[in-house]
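An overview of the molecular structure
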Amino acid sequence: MSSSPLVPPLDVELRPDRPPVLRVDSPGDAASWAEKYREALRAQVTEHGALLVRGLELRNVQQAGAVFAALSDGLMTEREAFAPRESYGPGLYSSATWPANQPMCMHHELSYTLEVPGLMLFACLTAPGQGGATAVADAEQVLQALPAELGERFEREGWLLTRSYNDEIGASLTESFGTDDRAAIERYCRDNAIDFTWQPDGSLRTRQRRAAVVRHPVTGRRCWFNQIAFLNEWTLAPEVREYLVDEYGQDGLPFNTRFGDGSEIGEDVVQLLNTTYEEHTRREPWQAGDLMLVDNIRTAHSREAYAGEREVLVAMAEPRTLADSCPPPEASHR
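Residues numbered from 1 in each chain as written. Predicted model: local features only at pLDDT ≥ 70, side-chain atom pairs only at ≥ 80, totals over all residues. Heavy atoms only, no water.

The next thing to look at is the pattern of salt bridges. Considering all chains together, one arrives at 21 salt bridges under this definition. The partner of Glu186 in a salt bridge is Arg190, and the shortest N-O contact between them spans 4.0 Å. You can see Glu186 and its partner Arg190 sitting in helix H6 (residues 182–191), four residues apart, about one turn around the helix. When the shortest N-O distance is used, the salt bridge between Glu233 and Arg241 registers 2.8 Å. You'll find Glu233 and Arg241 in the same group, each marked buried. (Salt bridge = Lys/Arg side-chain N within 4 Å of Asp/Glu carboxyl O. Helix = DSSP H or I, 4+ residues; strand = E, 2+ residues; numbered from the N terminus. Buried < 20%, exposed > 50% of the residue type's maximum accessible area, 1.4 Å probe, protein only.)

Turning to empty space enclosed by the protein, a few remarks are in order. What the rule picks out here adds up to three cavities of 30 Å³ or more. Each pocket or cavity is described by its volume, and for the largest cavity that value is around 150 Å³. If you trace the largest cavity, you find 15 residues lining it, with Ser95, Ala96, Met104, Phe122 and His301 closest to the centre. Secondary-structure elements contributing two or more residues to the lining of the largest cavity are strand E6 (104–107), strand E18 (299–303) and strand E20 (311–321). In terms of residues, the lining of the largest cavity owes the most to one element, E18, which gives three residues. (1 Å grid on protein atoms, 1.4 Å probe; cavity = no way out; pocket = protein on both sides within 12 Å on 5 of 7 lines; lining within 4 Å. Points joined across faces, edges and corners; volume = space filled by probe spheres on them.)

Of all the positions in helix H4 (residues 148–157), only Leu150, Gly151, Phe154 and Glu157 are classed as buried. Down the axis of H4, the buried side of the element spans an arc of 150 degrees, and every buried residue falls inside it. Opposite its buried face, H4 presents the exposed residues Ala148, Glu149 and Arg156, each directed more than 90 degrees away. Gly158 lies just past H4 and shows a positive phi near 75 degrees. (Arc of directions from axis to C-beta.)

Pairing is antiparallel across the open sheet formed by four strands, whose spatial order is E6-E18-E9-E16. Since the sheet does not close on itself, it has two edges, and those belong to E6 and strand E16 (281–282), each with one partner. Pairing of strand E9 (residues 136–138) with E18 involves three bridges; the strand directions are antiparallel. What sits directly across from Val136, in E18, is His301. (Pairing = 2+ DSSP bridges.)

This next bit is on helix H1 (residues 30–48). With 19 residues, H1 ought to run about 27 Å at 1.5 Å a step, yet its terminal C-alpha atoms sit only 23 Å apart, falling short of that. For H1, the principal kink sits at Tyr37 and spans about 65 degrees. What H1 keeps buried is the set Ala30, Ala31, Trp33, Ala34, Tyr37, Ala40, Leu41, Arg42, Gln44, Val45 and His48. Backbone nitrogen of Ala31 and a side-chain oxygen of the N-cap are separated by 3.2 Å at the start of H1; the cap is Asp29. (Expected span 1.5 Å × (residues − 1). Bend = angle between axes of the 7 residues up to and from the residue. Polar contact = N/O pair within 3.5 Å; in protein donor to acceptor, adjacent residues only side chain to side chain.)

Their axes nearest at 8 Å, the elements H1 and helix H2 (residues 61–70) cross at an angle of 15 degrees. In terms of orientation, H1 and H2 fall into the roughly parallel class. Our pair here, H1 against H2, has a crossing hand that is right-handed. In this structure, H1 contributes Ala30, Ala31, Ala34, Glu35 and Arg38 to the contact, and H2 contributes Ala66, Val67 and Ala70. The residue makeup of the contact of H1 with H2, split by class, is six nonpolar, no polar and two charged. (Axes fitted to C-alpha atoms, helices over the stretch in contact; angles between N-to-C directions. Parallel < 35°, antiparallel > 145°, perpendicular 65-115°, else oblique. Left-handed = near helix turned anticlockwise from the far one by under 90°. Contact = heavy atoms within 4.5 Å. Nonpolar A, V, L, I, M, F, W, Y, C, P; charged D, E, K, R; others polar.)

As for its position among the elements, Ser302 is in strand E18. For Ser302, a relative accessible area of 7% puts it in the buried group. Along the sequence, Ser302 and Thr134 sit 168 residues apart, while their C-alpha atoms lie 5.4 Å from each other. Leave out the neighbours within four places in its chain, and Ser302 touches Met104, Cys105, Met106, Ala133, Thr134 and Ala135.

Core analysis: the largest hydrophobic core is formed by 48 residues, its most contacted members being Phe82, Phe122, Phe154, Trp224, Ile228, Leu273 and Tyr277. For this core, the element with the highest residue contribution is helix H8 (residues 267–279), accounting for four residues. Filtering out sequence-adjacent residues up to four positions away, Ile228 remains in contact with Phe154, Trp159, Ala212, Thr257, Ile265 and Leu273. In terms of nonpolar packing, the next biggest core, distinct from the first, is built from 29 residues, Val24, Leu58, Leu125 and Ala317 among them. (Core = buried A, V, L, I, M, F, W, Y, C linked by side-chain atoms within 4.5 Å.)

What follows is the structure, encoded as structure tokens:
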């Protein structure tokens, strides 16, 4: 059925400093409401890149999961996680474990995987007392705002993600790959263009090269799509970076990023990327019960530092295999 009369465009509040906001009267059964308005909601996400829905009064995991299911054709299982999450059922997760006093800067979820989520879904069950917004930034605008030479280099070379898995920092092997079986992990790496090396102590190091700029599969527009800044050592708080380098060495950091040719990305470049993101950031503080939908390819998102209790559930949907993802160099596995 046609859903355009159900949610007229005028109902969506547009301001340059925040994501589009749709205010609704409590529908009682939020999942039935989401199913009824699904096409209209998804059309708003296609048009604007993100949409915050306020008034659904989502209060528990079951409600949020039912709404997520109604808005998607199935939720994705996360693979290659960089930080632990609590699982509440197939495809339904807590926010990534990350210190509350440290922001998670702008990024596109799982941009380093070969199959990426096209849609992110968030539900706020408990809003923090201060901060903690899931802010968004338009990836087309960010790309256009970057210095041409830098953007062209990343578009030409892609970016390299290096990871060192240990039992202390970041996601474990089981949390990232869904198993601790070495043979299964090696198969996954080979199938997903990841170069891997087992260390003498049994830990794993990986390298994978991916595109930094992709064309949106629906609009065809070029988007800055990666986690170059977020997973780089220079985005870490100085004391955290110093501790990790002292503890694990420069080559043993839990995660780091480089230019596609393997050369280091300087602190100045990372600061430039984060500053450009900030210039294009839109934010709206969470309220308990809120729902947010984000086009993961067109729109980057972040999690700002916060104080107090914060519970935001996350799901990933609409898996996409991007045709212009960079093929990694020939790799030897051992």
